[in-house]
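Each chain, letter by letter, is given below.
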Amino acid sequence: MSENTLTIAIVGATGAVGEVALNLLADRSYPAKSIIAMASSRSAGRKLPYMDTELTVITATPDSFSGVDVAFISASAEVSRALAPEAVKRGVLVIDDGSAFRMDPAVPLVVPEVNGADLEWHSGIVSIPNCTTTPLAMSLAALRKAASITRVTVATYQAVSGTGSAAVRELDNQIADLLAGKPVDPQEYPHQIAFNVLPQVDDFSEDGYTGEEHKMINETRKILHDADVAISPTCVRVPVPTTHSEAVQVEFDQPMSPQEAKRLLSEFPGITVVDDPKASVYPMPVQASGKDEVFVGRIRKDASHPFGLALWIACDNLRKGAALNALQIMDEAVRRDCVKPVRLR
């Protein structure tokens, strides 16, 4: 089976991630006849430009998946829970971008560069990690090749597109209103996001961490197959349209030099080291947006710990954080001949 012969359904094709997925498929010149654009009934009939033609959006229902090989679902957890099992019943490999199945022990949570082999035990559903988890897990996977990781502290700086297209519009509108001297009326966030930062992504739990922060902890452990690594995140929303950034401190069980870390990161697939701070060269959202790589820089000894390193990450949350990872999962499943679960062959 070749990835170019698969019929692909994109559920949430009218959303931010769906749009990027279509752009990535167009970059591959993927045939339009093999793509089915799906969304809610509100978007049914809408025309989406695709290369030199258009795709007509249909309503996502269980029967819509007949004849589909792979379905990318980028919608709410409720939509995923309702549609994914129905698609699997029809022989579809579901690659889900939401949180519905990520921590289900029967569902692989995959970043192909890190744990692509986990695809070999899927039962029809594969989850994509949260868009902050993916670049962190890749960076940690690179570094732990030389030393075991004992503790990770991370602060994220998350773009508004992680919330969705409406949040991007809200940022644009708030900037325009504030520059015109008008008041703003926050809708997507509890406070104004323009010219502000919000130390809250998702709802707070009883322990003081947010749902987003718990995702980073639990998902990173699952991807790395390391239930013991200590992780403490603080997730922050910033007034940036696209690309999440992260400040990371990593503690090891033995010393690691910045030079060794740079080598390990440079050799890891999907990571590009951008690290010349004296020349003001380091990863930034304006550089990383629209790019496929995870960019890592400001790699230095942690001044507070003898076995620690500090680094800075930037990664396009809509590409490697979502749509690109989904396509790479599909490619890896084809390469491993496991688009269909073993029990269904």
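Here is a short report on the structure shown in this document. (Residues numbered from 1 in each chain as written. Predicted model: local features only at pLDDT ≥ 70, side-chain atom pairs only at ≥ 80, totals over all residues. Heavy atoms only, no water.)

## Observations concerning the nonpolar core
One recurring pattern in soluble globular proteins: nonpolar side chains tend to sit buried together. What counts here: Buried Ala, Val, Leu, Ile, Met, Phe, Trp, Tyr and Cys residues that are joined via side-chain atoms within 4.5 Å together make up what is termed a nonpolar core. Relative accessibility under 20% of the residue-type maximum defines a buried residue, over 50% an exposed one, and the middle range a partly exposed one, all with a 1.4 Å probe and only protein chains included. Numbering of helices and strands runs from the N terminus; a helix is a DSSP stretch of H or I covering at least four residues, while a strand is a stretch of E covering at least two. Here, two residues are considered to be in contact whenever any of their heavy atoms come within 4.5 Å of each other.
Membership of the largest hydrophobic core comes to 39 residues, with the highest contact counts inside it found for Ile8, Ile10, Leu25, Ile35, Val70, Phe72 and Ile95. The set of elements that each furnish at least two residues to this core consists of β1 (8-11), α1 (16-27), β2 (35-39), β3 (47-50), β6 (70-73), β7 (93-96) and α9 (319-335). Of all the elements, α9 adds the most residues to this core, at nine residues. Not counting the four nearest positions on each side in its chain, isoleucine 35 is found in contact with Ile8, Ile10, Leu22, Leu25, Tyr30, Tyr50 and Leu55. Counting residues in each nonpolar core, the second largest holds 37 residues, with Leu136, Met138, Leu265 and Ile299 among its members.

## Let's talk about the packing of α1 against α9
In a pair of packed helices, the angle between the axes and the distance between the axes together describe the arrangement. Our working rule: For helices, the fitted axis covers only the stretch in contact; all axes are lines through C-alpha atoms, and the angles between them, taken along N-to-C directions, range from 0 to 180 degrees. Orientation is classified from the angle alone, with under 35 degrees giving roughly parallel, over 145 giving roughly antiparallel, 65 to 115 giving roughly perpendicular, and any other angle giving oblique. Left-handed is the label given to a crossing in which the near helix is rotated counterclockwise from the far helix by less than a right angle, and right-handed is the label when the rotation is clockwise.
α9 packs onto α1 with a crossing angle of 50 degrees between their chain directions and a minimal axis gap of 9 Å. As the angle between them shows, α1 and α9 are arranged oblique. Helix-helix and strand crossings are classified by hand; for α1 and α9 the assignment is right-handed. Of the residues in α9, those in contact with Val17, Val20, Ala21, Leu24, Leu25 and Asp27 of α1 are Arg319, Ala322, Ala323, Leu324 and Leu327.

## Looking at the pattern of salt bridges
When the charged atoms of two side chains with opposite charge come close together, those side chains can pair. Threshold: Salt bridges are defined by distance alone: a side-chain nitrogen of Lys or Arg within 4 Å of a carboxyl oxygen of Asp or Glu.
Overall, the coordinates contain 16 salt bridges when judged by the stated rule. For aspartate 63, the salt bridge identified is with arginine 90, shortest N-O distance 2.9 Å. In this pair, aspartate 63 sits in the loop between β5 (58-59) and β6 while arginine 90 sits in the loop between α2 (77-89) and β7, placing the two residues 27 residues apart along the sequence. On the accessibility criterion, arginine 90 (30% relative accessible area) is partly exposed. Within the structure, one salt-bridge network assembled from shared partners comprises Asp63, Glu86, Lys89 and Arg90.

## Describing the packing of aromatic side chains
The geometry of an aromatic ring pair is captured by the separation of the ring centres together with the interplanar angle, meaning the angle of the planes. Defined as follows: When the centres of two rings from Phe, Tyr and Trp lie within 6.5 Å, Trp using its six-membered ring, the rings pair. Their planes under 30 degrees apart give stacked, over 60 give edge-to-face, and anything left gives tilted.
The full count for this structure, using the stated rule, is one aromatic pair. For the ring pair tyrosine 157 and tryptophan 312, a centre distance of 5.3 Å and an interplane angle of 50 degrees mean the geometry is tilted. Of this pair, tyrosine 157 sits in strand β9 (residues 149-158) while tryptophan 312 sits in strand β14 (residues 308-315), placing them 155 residues apart in sequence. Residue tyrosine 157 is classed as partly exposed on the basis of its relative accessible area of 32%.

## Examining the sheet that holds β1
Rules: What makes two strands pair is DSSP finding at least two bridges between them.
Ordered in space as β5-β2-β1-β6-β7-β8, the six strands form an open sheet in which the pairing is parallel. Of all the strands in the sheet, just β5 and β8 (125-127) have a single pairing partner and so form its edges. Examined bridge by bridge, β2 and β5 share two bridges and lie parallel to one another. Directly across from methionine 38, in β5, lies its bridge partner isoleucine 58.

## Some points on the sheet that holds β14
Paired through their backbone hydrogen bonds, the strands of a sheet run either parallel or antiparallel. What the six strands build is an open sheet, ordered β10-β9-β11-β14-β13-β12; its pairing is mixed. Each having just a single partner strand, β10 (230-237) and β12 (271-273) make up the two edges of the open sheet. Averaged over all pairs of adjacent strands, the angle between their axes in this sheet comes to 20 degrees, without regard to strand direction. In terms of strand pairing, strand β11 (residues 244-252) meets β14 through eight bridges, oriented antiparallel. Across the sheet, residue valine 250 finds its bridge partner in β14, namely leucine 309. Packed onto the sheet, helix α6 (residues 211-224) meets β9, β10 and β11 and runs at close to 140 degrees relative to β10. Contacting β12, β13 (294-301) and β14, helix α7 (residues 258-267) runs over the sheet at an angle of about 165 degrees to β13.

Any functional reading would require information that these geometric values do not contain.
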